[in-house]
Structures are given as structure tokens and as C-alpha cells.
Amino acid sequence: MLLLLLFVISWAAPLGLVALLGLLPPDLPRWLAGALTTAGVVGAGALAVLLLRWLLSGALGYESAIGLRIIRAERVPRGARVAFVWCVLIAVGGLLALSLGVTHLGLVIAVAAASFLGLLLLLVQYSSIFGTTSIVGVVLGVAALIVVQSVATGFQHEFERRVLGVYAHINVTRSTGMTEYRRFEAWLRTQPGVTGASPFVYYAMMLAPFDPEGGRTDDLRLASVLVKGIEPETAAQVIDLPQHLERGSGRAIPLEVLRSDFELMPVPDREADELPFAVAATPDPRGAGWYERAMEHYAAAPAVRKRIPGEIRSDLLDDDEWPEDVVSGSGSGGDDARFDASALPTIFVGATLAKELGLKEESLVMVVDPGSSFDSSSEPEFQYYRVVGVFQAGFQEYDSRLVYVHIRELQRFKYRGRDQVSGIDLRLIDPNLAPAVGGAIRAALPGREYSVLEWQNLNENLFKSIRFQKNIITIILSLVITVATFNVLSALWTMVVRRSAEVAILMSMGATGGQVARIFQVTGMAIGLSGSLAGVGFGLVLCWLVQLYGYTLDPEVYFIESLPVEISVTQIGWILGMTLAICFVATLPPSLRAAKLRPVEGLRYE
């Protein structure tokens, strides 16, 4: 009765797999999702207990010897061992050649074919024809599932790595901008799990190459870009820009080469009652009286360093000619023949954008603010920049559209020179902590004034699409394994029918129905275990081949340049467990058929 109860409960084990793959409906009530997950875990535990009892009660007794003998090969086919050695040599030699850089599709196919043929020859030496055909079906199903899972996991994690290289784990923003961002940053750094923080400003603009000799821009190669203003001193704490610059420029480039001579207008913090309590209680890291000191410094700065784009210079109102001393590279006009490129603010551009516009280090570009002249009452505001680095994030969308400047430059455009930022980027000790840390920050910032965005929600649709495709492919390929287990079932059923006389003799000698059933269960599980292990080996070889070959992709379609493969021990573990569980279920009908066989019926025609 207890065994029957465990068997019924074990059918809930697939619920655990569904929960693990994240296939539960998102709108499912939390209590129901928890109940289904618990039922799946309990079902998996019941299945494990049944397998353990089977192992201890029968697999270590005479039943295992008889069960393994049923599928054992009677003799080794002639020439099988020699052919197996040749296949191993071909596979190993091909893998060595691929490791040394010989990438040829024919070589990859030859290694894969030699590996599969060698595996087949190895099975033929130890297993009967019935056993070999059943094992091969399981091998192909497991190998296909491992390869697809590894590629899908590689896609998912590669997307995540590249997104996290450009975007922070969490960003906290305010729609109208932050003036108290220094205190805000100091408070955020004290949050558990936070390892870095840096202010930023985003602004959509236009960019075009500029020819200082001809004094004109190339309007035919005008690009729409997303400009991100970063603080060079702290940006490396939250994004991987130094690594991207080294990859795109071929050398290490410090972020401090981003320069800006612009003087920001100090802005006092809001009153304490207007700030969140946690921020209001945080001392300003600039110290007491910082605003007065900042205003004195601002007042003493030269006017040319405080002029925002589009602003009319007061020293030109009474003169008909431009002064001869300095001509700034910003505004709505200027004599570009006297352009001092070395004094310009600097910019980082993406590798794809640089290729499309013909840019390189020391090239000059003009960045235009299209939103400054929607009413056509004034000329567009612009600023000239000097390219000092080309970065490669490895994501087509970022490499073709994102550029970096000093944060003061975007404060100059977006906030008209005021010391104000869009928000603060955060990096955590573990990216998976983002929902918990983001929730804690969100709880400390009441109302809707501030927005807290975790990296999972930044490209939510993309990540959901990848997970959904991965889960669908997993389910479809799991059906391949299920179909393969029908080979196990049919082979075992055929063995039971063909060996009715042997079963009858065993039962006439005192064997019980349970012992006879365990004989065929051992046979079926031996097929499942052999096929699973061989499938894992063959699947790993195929994954290795894909990695060594480096199959290229179109980055405009797939966002990345090559097919990523990432092998997960956890995924291999649950694939093995799922395959063995399905094979165990497939052994039940033939085993029960053999257990119910009456000795008289089995010996009637003998």
C-alpha cells in the first residue's frame, strides 16, 4: 500500500520540472504557485525513494545479473574493435586540429561522425541489437537536448553579460533630475550589497563627422545616437567601459581622458522636508558651506567656460567682429578655420558607429541637440568633440548607437549648465540580488517621484523572449527523449514475450512476481543509464565542436557575433534525472506484464 502511494505521488514530479524551467503562468496566485512547486518537490522525493528501494532490494541481487545478461552481446562483431580505435583516432586528431586553429566545416562534420560511429561500435561490443537500438535513441535525444540547452544558456547569459557591461545592475532616476545627487549617492553606497555608484545623464542627440580643414560636417553620414554622460572617476565602478575600450581600441584607455572644461552652475539641495527621509538624514559629502564655496568658484571662472550651447556672447553685442583670442567650438556658429582641436571636449564612440561614419581616434565630430529648436526659432545647438577612444561592447545595438562624454557636457545641454543629473547607477556584489536590493531602495523612497529600475526589467521583453524560446525548445526536445523511451518499452515488451519460457522457469523455481518485474526493470534502467551517460558524452563533444569552430552570426539579427555555448552541470544533472525517470516509467508496463505471467502459460508450448 505504501509503495502504491509513493508511486501515485511520484507522478507530481514533473511539476517540479515545470517550476524549475519557469513555465508556471506569471499571473498565477503566489500560494498556488508555491503549492505546485512543493508538490513537484514531494513528487521528486517519492520518485527518488522508489528508485532507492528498487536499487537496494533488487538491483544488487541476482535480478541485476539476469537483467544485464538479457541485453548483453553474445559475441563481438568482427572488426568492431579495430574500427572503434580508428574512430577514436580520427575524433581526437580532429579535435586537436580544431584546437590549433584549423576551422573547417568538413573537419567538424568528420569529428562528429567519427565520435558517433565510435560510440555505436562501443555499444555493439557489449550490448545486443535490441539493446543497442534502444540505447542509440536515448543517446540522440539526450545529446540534442544538451547541445540546445547549452546554446540557449549561452545566448541567455551572453546577453546578460553584455547588457550588464553597458548598464548598471540598478539605476535610480528622477524624472525632473536630481540636484541632491551627491547625498543620494552617499546614501545608496551604504545599502547592503552595493559595491559601486556613479551619477549619469542620458540624452538623445545627433552626431556627424566634422572636417576641420574644410570647416564642414558630413550631412550624408548623420547618425542618431544616445549620449551618456558619465563621471570618469566613478564610472568604472558600475560599468565595464575600460574593458570595452581595450577591446575596441586595442589598448588600455583610462576613462580620465574624457575631459570637459565647462563650469557647472551650483544648485542648492532641496529642503529636508522635500527629500526622502533616508536622503535628508545623510550628511552632504562636500561638507558644510559647500554651496557658498561653489558659488564663489563659479563666479570666478572665466565666462567662456560657463557659456552653454546657443547662448549669445555678451562680448559680441557691441562689436562687429569676433575676438581674435579664442573661438569656442560650441554654439550656433563660429570661424572653424581657427578651430583648436586639442582644446575640445572628448568623446568615446562605439566600434560599429565608428566604422559606419569613418571615425577613429583624434577624429572630430559634431553633436547636435535636435530638441533645442523644435519651434524653428533658432539654429540647433551643437558642440564639437574629439574622439579619444573606440569601445566595443559586443552588442550591435550599443556599438552602433551609444556614445560617452563627460557628464558635465550633457549637463551643459540637458540642464542648461546646472549641476543636476538624471540618476545614479549602482553595481551589486551579485547581479541576482538586484530585485531584493531594488525593492529595499524602492521601499525607502515613498511615492512616485523616484524610479528604481533593475537590470532584469531594463530589457525585460528580450530576456522573456529568450527564456520562453529556451523553455519551448526544451519541452520539444524532451518529447524526443520520450519517444526514445518508447523504444525501450517496445524492446522490453518484445523481450518479455520472447522469454516467456525463461520467466516461467524462474517462477516455477520460486521467484516472485516482484523479483521477475525487477529483472526487466534492471534491463530497462541499464538501457536508460547507458544511453544517458553516452548521450552526455556525445553532447559534450558536439558542444566542444561548436565552440572550437566558432560559428559566426549576423550581429544585426542576433545582436552578437558568434554562437555562444555554455555548459551547465545543473542542466546536465536534471537532463540525466529526467531521462532516467522517463525510462523508469517506461519499464513499468513490460515488468508488470512479466510479473503477471503464469508459469503454466509460459511452459505450455515447451
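Preceding this paragraph is the structure being described.
Cut-offs used in this document
All residue numbers refer to positions counted from 1 along the written sequence of the respective chain. Since the coordinates come from a predicted model, pLDDT governs what is reported: local features require at least 70, and pairs of side-chain atoms require 80 or more to be given and counted, while whole-chain, interface and lining totals use all residues. Side-chain calculation: all heavy atoms of the structure are included, whereas hydrogens and water are not. Only DSSP runs of H or I reaching four residues or more are called helices, and only runs of E reaching two or more are called strands; each is numbered from the N terminus. Buried residues are those whose accessible area, probed at 1.4 Å on protein chains only, stays under 20% of the maximum for their type, while exposed residues exceed 50% and partly exposed ones sit between those limits. Note on areas: Shrake-Rupley with a 1.4 Å probe; residue coverage comes only from the protein chains shown. To estimate the expected span of a helix, count its residues, drop one, and scale the result by 1.5 Å. The reported arc concerns the directions from the helix axis to the C-beta atoms and nothing else. In what follows, residue pairs with any heavy atoms lying within 4.5 Å of each other are defined as contacts. Whether two strands pair depends on DSSP finding at least two bridges between them. Angles run from 0 to 180 degrees between N-to-C directions of axes, and those axes are lines fitted to C-alpha atoms, restricted for helices to the stretch in contact. Throughout, the term roughly parallel applies to angles under 35 degrees, roughly antiparallel to angles over 145, roughly perpendicular to angles from 65 to 115, and oblique to all others. Here a crossing is taken to be left-handed if its near helix is turned anticlockwise relative to the far helix by less than a right angle, and right-handed if that turn runs clockwise. To qualify as a nonpolar core, a set must consist of buried Ala, Val, Leu, Ile, Met, Phe, Trp, Tyr and Cys residues joined through side-chain atoms within 4.5 Å.

*Asks:* Sorry, what's going on with the overall build of the chain here?
*Replies:* For the chain, the helix and strand inventory stands at 22 helices and 11 strands. By residue count, 47% of the 606 residues in the chain fall in the buried class. Taken as a whole, the chain presents about 30,000 Å² of accessible surface, with 62% of it coming from carbon and sulfur.

*Asks:* Help me out: how do you make sense of helix 5 (residues 80–99) in this one?
*Replies:* Each full turn of the α-helix corresponds to 3.6 residues, which orients residues three or four apart in the same direction. Between the first and last C-alpha of helix 5 there are 28 Å, a value that for 20 residues agrees with the 28 Å anticipated at 1.5 Å per step. All of the buried residues in helix 5 are Ala80, Cys87, Ala91, Gly94, Leu95 and Leu98. The buried residues of helix 5 occupy an angular sector of 100° when the element is viewed end-on, so they sit on one face. Away from its buried face by more than 90 degrees, helix 5 exposes Arg81, Val82, Trp86, Leu89 and Leu96. Against the buried residues of helix 5 lie helix 6 (105–126) and helix 19 (513–549). Once helix 5 ends, the next one or two residues include Gly101, with phi positive near 105°.

*Asks:* Looking at this model, I keep getting lost on the pairing of strand 10 (residues 421–428). Mind explaining?
*Replies:* The side chains of a regular strand alternate between the sheet's two faces. Of all 8 residues making up strand 10, 8 are buried, and the element is well covered by its neighbours. Across 5 bridges, the pairing between strand 1 (residues 170–178) and strand 10 is antiparallel. Considered in strand 10, the bridge of Asn171 is made with Asp425. Pairing of strand 2 (residues 194–211) with strand 10, which is carried by 6 bridges, proceeds in the antiparallel orientation.

*Asks:* Honestly, the packing of helix 5 against helix 6 in this entry has me stumped. Any pointers?
*Replies:* Two measures define how a pair of helices packs: the angle their axes make with one another and the distance between the axes. Taken N-terminus to C-terminus, the directions of helix 5 and helix 6 make an angle of 150°; their axes are 8 Å apart at the nearest point. Considering the angle they form, helix 5 stands roughly antiparallel to helix 6. Relative to helix 6, helix 5 is oriented so that their crossing is left-handed. For the pair helix 5 and helix 6, contact is made by Ala80, Arg81, Ala83, Phe84, Cys87, Ile90, Ala91, Gly94, Leu95, Ala97 and Leu98 and by Leu107, Val108, Val111, Ala114, Ser115, Leu117, Gly118, Leu121, Leu122 and Gln125, respectively.

*Asks:* I'm lost on unusual backbone geometry in this one. Help?
*Replies:* Most of the time, phi is negative for any residue but glycine, and the peptide bond is trans. With phi around 80°, Glu362 is a residue other than glycine that occupies positive phi space. Relative to the helices and strands, Glu362 resides in the loop between helix 12 (351–357) and strand 7 (364–369). Non-glycine residue Arg416 carries a positive phi angle of around 55°. For Arg416, the position within the fold is in the loop between helix 14 (407–414) and strand 10. We classify Arg416 as partly exposed; its relative accessible area is 37%.

*Asks:* What exactly am I supposed to notice about the environment of Gln156 here?
*Replies:* Relative to the helices and strands, Gln156 resides in helix 7 (residues 129–166). In the structure, Gln156 is positioned 310 residues away from Ile466 in sequence and 6.3 Å away in space, judged by C-alpha atoms. Not counting the four nearest positions on each side in its chain, Gln156 is found in contact with Ile466, Arg467 and Lys470.

*Asks:* Which parts of the structure should I look at to understand the nonpolar core?
*Replies:* Looking at soluble globular proteins, one finds that nonpolar side chains tend to be buried together. Counting residues in each nonpolar core, the largest one holds 116 residues, and the members touching the most others are Val172, Phe184, Ile347, Phe348 and Tyr404. Take this core: its biggest share by element is 15 residues, from helix 7. Those residues in contact with Phe184 that lie beyond four places of it in its chain are Val172, Met178, Val279, Ile424, Leu445 and Tyr450. Counting 8 residues, the second-largest nonpolar core is a separate cluster that includes Leu95, Leu98, Ala114 and Leu545.

*Asks:* Sorry, what's going on with the pairing of strand 9 (residues 402–406) here?
*Replies:* Judged by how many residues are buried, strand 9 sits mostly within the fold: 5 of 5 residues are covered. Note that strand 4 (residues 223–230) and strand 9 share 5 bridges and pair parallel. Opposite Gly229, over in strand 9, you have Val405 as the bridge partner. Pairing of strand 6 (residues 346–350) with strand 9, which is carried by 3 bridges, proceeds in the antiparallel orientation. Paired with Ile347 across the bridge in strand 9 is Val405.

*Asks:* Could you clarify how one ought to interpret the side chain of Asp399 in this entry?
*Replies:* Relative to the elements of secondary structure, Asp399 occurs in helix 13 (residues 396–399). Once you skip the residues sitting within four places of it in the chain, Asp399 turns out to touch Gly350, Ala351, Thr352, Leu353, Phe391, Gln392, Ala393 and Gly394.

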